[in-house]
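Below are the chains, spelled out letter by letter.
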Amino acid sequence: MQRLFLIALFSFGFLFNSFSQNIPSPDEFLGYPIGTQFSRHHQVVDYFKAVANALPENVKIEKYGETYERRPLHLAYISSKENISNLNTIRENNLKNAGLLNGEANNPDVAIVWLSYNVHGNEASSTEAAMLTLHKLLTKKQDWLKNTIVIIDPCVNPDGRDRYVNWYNETASQPYDIDQQASEHNEPWPGGRPNHYLFDLNRDWAWATQVESETRLKVYNKWMPHIHVDFHEQGINEPYYFAPAAEPFHEIISDFQRDFQTEIGKNHAKYFDKEGWLFFTRERFDLFYPSYGDTYPTYMGAIGMTYEQGGHGRAGLGILNDEGHVLTLVERLTHHTTTGLSTVEIASKNAARLNTEFAKFFDNSDLKYKSYVLGGNPDNIGSLTNLLQKHDIDFEKLSTNKVSGYNYKTGKQGSLNFDNAIVIHSNQPKGKMVKVLFEPNAKLTDSLTYDITAWSMPYAYGLDAIASTTKVPSSQTSESKSYRALTDAYGYVSDWNSMKDAKFLAELLKSNFRVRFTEKPFKSNGETFERGALIITKGDNKGMANMLSTLNSIAKKYDKSLATINSGFSQTTPDIGSPDIKLINKQKIAMLSGDGTSSLSYGALWHFFEQQLQYPVTSINTDNLSRTNLDKYNILIMPSGYYSRVLNEATMNALKDWVRSGGKVIAVDAALRSFANKEGFALKYKDNESDDAQENLTPYADRERAYTNNLITGAIFKSKVDTTHPMAFGYDKDYFTLKLGSSAYSILDRGYNVSYVEDVKVYSGFAGKNTLNMLEKTLVFGEERMGSGSFIYMVDNPLFRSFWENGKLFLVNSIFFVNNNAFEL
Ligand SMILES: [Zn+2]
């Protein structure tokens, strides 16, 4: 009996070994020792596929999406033969354990570890580490796989990574040059960090604006891992960083999540100590802003962590750092492989406990706010429910009218009457994420944080909202809208208050419709139409074949119900032929890109035009601005950036001449510095009157903290809106703006102050005490006329990370409505 058992054990072990001998090592497969070259994405994908082919019982590959540049996105599931053959059962059991799927969980004891590599493309060592980690797991660490499923995403951002790798490969010397000044250590604009649209994917988890995030979240939420690691790199002089993270921690993070981070960190330390490698913990990388690869998984119940190796886009294959050490790619990927394996080890050792604690996280019966009620603009509610669906967060329809609680727009307790509102209850499995996204003001334990401190969804979507400490009545949503086709009439009117309306207009213009908008409210056919309403008349579009059927199909596509008018004679003026109802011309838009522009700001605008508004824009490199014929365009957009190099006296004069003859410049955020306090411009800085003497007496050790008095780290303020100005059509008299910094500009004394901060109450987030007085009576959005044209100033960037949905229409209005002097090119 015993002998038989031994024979069985022996042959089983033999079999496993013979399998693992068939697995190609990265060195064999790639044809070079790993870390001596950067591997391109297709090679990495091929390697994972080769391993899965060699060992199909232990490795399964799933393609979950494609990037904007059509590179494939893959996950590899690595585990024991038994687990891999029961993958779906284990997945469903995990969801049942968390209450995300109906049914009793069956003794969950398999740990699920998700390792994400290379979200920042130029932090390129981690994808190399992914290959080595895969190989080591299968050849050396099979024991851990008995009770652990490892999910590897070898490259979250292949477009960015290949941008970096291709650039490096074509630039680097042979052998590589360790001199920091060598060109191989200095990436050109925009660098490999972001994705195709130059978004930082490690700021995009919660907003899921990018295709990489959106497709990944679908699988992530199907799996809901217990541990998630996001592999990164930092400056070349930094040692390794791993968990536990730094303060501030968001208050919903559980004691177990904190403690287990420490256990993991200590396990890593064991390996690092043995090799004498330097590392640090509990500093710099905090857990607060919800859109990171560590916080998002944390708020979804996992132990979410960031690991940071020194290296980054500067390091190449090897670089001499400031400490006299030659940091190599081999060293960088070895460290990442070590922490990846150590993570799997500790998960395996604690598989049962991870499951028990995971289940506890999803009990949300004791959260302070029980329901969040949101009403107002139905299009914005529609955009918000789209976002909720990306996270599998449940919402219902409000089944009462009056609700009391915290009123977001007043910042006080009160009550509101709603007619068409949605309710999000916090007592649902994803209730903690609901709290994080919807609570009015997240509790901040430390003002020294890495990112913005405010994002509360009701403000971002411009909705009326109440947070209630009692559960409000609601019912299941029922969506059964049917589009009512338009019939022959004098004209058709669309309301104007959302991005949906903006997309509708963009498509009409692209389809050669002649569309008008009203600068004044009017009444016709018994209905009142507000400023900005679009008017499409039969007379204007006489020349168009199939006008009505085309209009019907575009309206249907955007789910727009248009009103019908039967006469150009309005019940209240203006009439349709009035000069107050203006023709919208197809605007030809140019936008600056390249050196000097902020790649994030440019990328957000690029994405906005191509993927959201879907309206053409021509990008012009700043290097070519001086020889660009601006007369081909109506509008020039200047993303946030520093333009002192390109806007010399000659180009500035040419720009002013172009504006005087009818051009429009739209300047965003730091681009305003090009005009502030300059001769001929009304735009002026508002000076900071902080007490320098007091600051100079602050002790050395307290300086960093004292400096936060001068900072705004993403905070929400209320601004007044001139709703009669075309830039504000579709808006209410109050607009909540996300301030990203403390730069402030005075009210324009010559121009239109479309939106400005009046009282300086902080509705959400952190603003240092020295910043508040300075913000009083400062510009948010404004227009300055020059000759026949305009400069449009956007102090706060409504496209920041593309999640501030309610700010986007200000940009669209600036393009199509502001200073509409109706000239065609
Ligand atoms: Zn990073």
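Everything below is about the structure printed above this text.
Residues numbered from 1 in each chain as written. Predicted model: local features only at pLDDT ≥ 70, side-chain atom pairs only at ≥ 80, totals over all residues. Heavy atoms only, no water.

*Asks:* Help me understand the overall build of the chain, please; the structure alone is not making it clear to me.
*Replies:* Scanning the chain from N- to C-terminus turns up 23 helices and 35 strands. Taken over the C-alpha trace, the chain has a radius of gyration of 29 Å; the compact-globule value for 825 residues is 28 Å, and the two agree within 12%. Dimensions of the chain, computed from the C-alpha atoms along their principal axes, are close to 100 × 60 × 60 Å. In the chain, which comprises 825 residues, the proportion classed as buried is 59%. Long-range contacts, defined as pairs at least 24 residues apart, comprise 79% of the intrachain contacts of the chain with a sequence gap of at least 6. With an accessible surface of roughly 33,400 Å², the chain has 48% of that area assigned to carbon and sulfur atoms. In the chain, which carries 85 positive and 95 negative side-chain charges, the distance between the mean positions of the two groups comes to 5 Å. (Helix = DSSP H or I, 4+ residues; strand = E, 2+ residues; numbered from the N terminus. Rg over C-alpha atoms; globule rule 2.2 N^0.38 Å. Buried < 20%, exposed > 50% of the residue type's maximum accessible area, 1.4 Å probe, protein only. Contact = heavy atoms within 4.5 Å. Areas by Shrake-Rupley, 256 points an atom, 1.4 Å probe, with all protein chains shown as cover. Lys, Arg positive; Asp, Glu negative; His and termini not counted. Charge placed at Lys NZ, Arg CZ, Asp CG, Glu CD.)

*Asks:* Before we go on, may I ask you to explain a nonpolar patch on the surface in this structure?
*Replies:* A cluster of nonpolar side chains, Tyr176, Ile178, Leu320 and Val326, forms an exposed patch at the surface whose accessible area comes to about 280 Å². Tracing the sequence through the fold places Tyr176 in the loop between α7 (158–171) and α8 (211–223). (Patch = residues over 30% accessible without salt bridge, like charges linked within 9 Å, V, L, I, M, F, W, Y side chains within 5 Å. Salt bridge = Lys/Arg side-chain N within 4 Å of Asp/Glu carboxyl O.)

*Asks:* Help me understand the coordination of the zinc ion, please; the structure alone is not making it clear to me.
*Replies:* Geometrically, a metal with four donors at the corners of a regular tetrahedron has ideal angles of 109.5 degrees, and one with six donors at the corners of a regular octahedron has ideal angles of 90 or 180 degrees. Protein-derived ligands of the zinc ion are His120 (ND1), Glu123 (OE), Glu123 (OE) and His232 (ND1), with the metal-ligand distances lying across 2.0 to 2.4 Å. Coordination at the zinc ion is irregular: its four donor atoms span angles of 57 to 156° at the metal. Since its relative accessible area comes to 2%, His120 is described here as buried. Taking relative accessible area as the criterion, His232 reaches 2% and is therefore assigned buried. (Donors = N, O, S within 2.8 Å, 3.2 Å for Na, K, Ca; no water. Tetrahedral: all angles 85-135°; square planar, octahedral: opposite > 155°, others 65-115°.)

*Asks:* Would you mind going over the pattern of salt bridges with me for this structure?
*Replies:* Pairing is possible between side chains of opposite charge, provided their charged atoms come close. Scanning the entire structure with this criterion turns up 40 salt bridges. As a salt-bridge pair, Lys409 and Asp464 come within 2.9 Å of each other at their nearest N and O atoms. A residue pair is termed long-range when its members are at least 10 positions apart, and Lys409 in the loop between β15 (402–407) and β16 (412–417) and Asp464 in strand β18 (residues 464–468) qualify at 55 residues. For Asp464, a relative accessible area of 26% puts it in the partly exposed group. In this structure, Asp580 and Lys520 form a salt bridge, with 3.1 Å as the shortest nitrogen-oxygen distance. Of this pair, Asp580 sits in the loop between β25 (563–565) and β26 (581–584) while Lys520 sits in the loop between β21 (515–518) and β22 (522–524), placing them 60 residues apart in sequence. Residue classification places Asp580 among the partly exposed residues on the basis of a relative accessible area of 22%. Linked by salt bridges that have partners in common, Glu123, Arg193, Asp200, Arg203, Asp451 and Arg801 make up one network.

*Asks:* Honestly, helix α19 (residues 649–660) in this entry has me stumped. Any pointers?
*Replies:* Residues that lie three or four places apart on an α-helix share one face, since the helix turns once every 3.6 residues. Here α19 contains 12 residues, and its C-alpha end-to-end distance of 16 Å stays within 8% of the 16 Å for a straight helix at 1.5 Å per residue. Residues Thr651, Met652, Leu655, Lys656, Trp658 and Val659 constitute the buried set of α19. The buried residues of α19 occupy an angular sector of 160° when projected down its axis, which confines them to one face. Away from its buried face, by an angle of more than 90 degrees, α19 presents the exposed residues Glu649 and Ala650. The inward-facing, buried residues of α19 contact β29 (635–638), β30 (664–668), β34 (778–786) and β35 (789–794). (Expected span 1.5 Å × (residues − 1). Arc of directions from axis to C-beta.)

*Asks:* In this structure, what is going on with the sheet that holds β18? I would like to understand it.
*Replies:* Taking strand neighbours across the sheet as the criterion, the seven strands line up as β16-β15-β18-β13-β17-β14-β19 in an open arrangement whose pairing is antiparallel. One side of each edge strand has no neighbouring strand; the edge strands of this open sheet are β16 and β19 (474–475). Where helix α13 (residues 378–390) meets the sheet, it contacts β13 (371–375) and β17 (422–425), and its direction lies at approximately 30° from that of β17. Against the sheet, helix α14 (residues 431–438) engages β13 and β17, with an angle of about 50° to β13. (Pairing = 2+ DSSP bridges. Axes fitted to C-alpha atoms, helices over the stretch in contact; angles between N-to-C directions.)

*Asks:* It is not clear to me how the side chain of Thr281 should be interpreted in this structure. Could you clarify?
*Replies:* Turning to its location among the elements, Thr281 is positioned in the loop between β8 (279–280) and β9 (286–287). Within polar-contact distance, the side chain of Thr281 engages the side chain of Arg282 at 3.0 Å. When residues no more than four places from it in sequence are discounted, the contact partners of Thr281 are Tyr241, Phe242, Ala243 and Pro244. (Polar contact = N/O pair within 3.5 Å; in protein donor to acceptor, adjacent residues only side chain to side chain.)

*Asks:* Teacher, can you tell me more about the side chain of Thr148 here?
*Replies:* Tracing the sequence through the fold places Thr148 in strand β4 (residues 148–153). Classification of Thr148 by relative accessible area gives buried; the value is 0%. Here Trp144 takes part through its backbone oxygen, which lies 2.9 Å from a polar atom of the side chain of Thr148. A distance of 3.1 Å separates the side chain of Thr148 from the side chain of Asn147, its partner in a polar contact.

*Asks:* What am I meant to see in the environment of Ala767 here?
*Replies:* Considering the arrangement of structural elements, one finds Ala767 in the loop between β33 (752–764) and α22 (769–775). C-alpha separation for the pair Ala767 and Gly714, spaced 53 residues apart in sequence, amounts to 7.8 Å. Those residues in contact with Ala767 that lie beyond four places of it in its chain are Leu711, Ile712, Ala715, Phe717, Val762 and Leu772.

*Asks:* How should I be thinking about the pairing of strand β31 (residues 715–721) in this particular structure?
*Replies:* Consecutive side chains along a regular strand alternate between the two faces of the sheet. With respect to burial, β31 is a largely interior element, six of its seven residues being buried. The pairing of β31 with β33 spans five bridges and is antiparallel. By the bridge assignment for β33, Ile716 is matched with Ser764.

*Asks:* Would you mind going over the sheet that holds β26 with me for this structure?
*Replies:* As summarised here, the arrangement of the five strands in space is β25-β20-β24-β21-β26, forming an open sheet in which the pairing is antiparallel. At either end of the open sheet lies a strand with only one pairing partner, and these are β25 and β26. Averaged over all pairs of adjacent strands, the angle between strand axes in this sheet comes to 35°, irrespective of strand direction. Inspection of the sheet shows β21 paired to strand β24 (residues 534–537) by two bridges, in the antiparallel sense. Residue pairing in the sheet places Phe517 in a bridge with Leu534 of β24.

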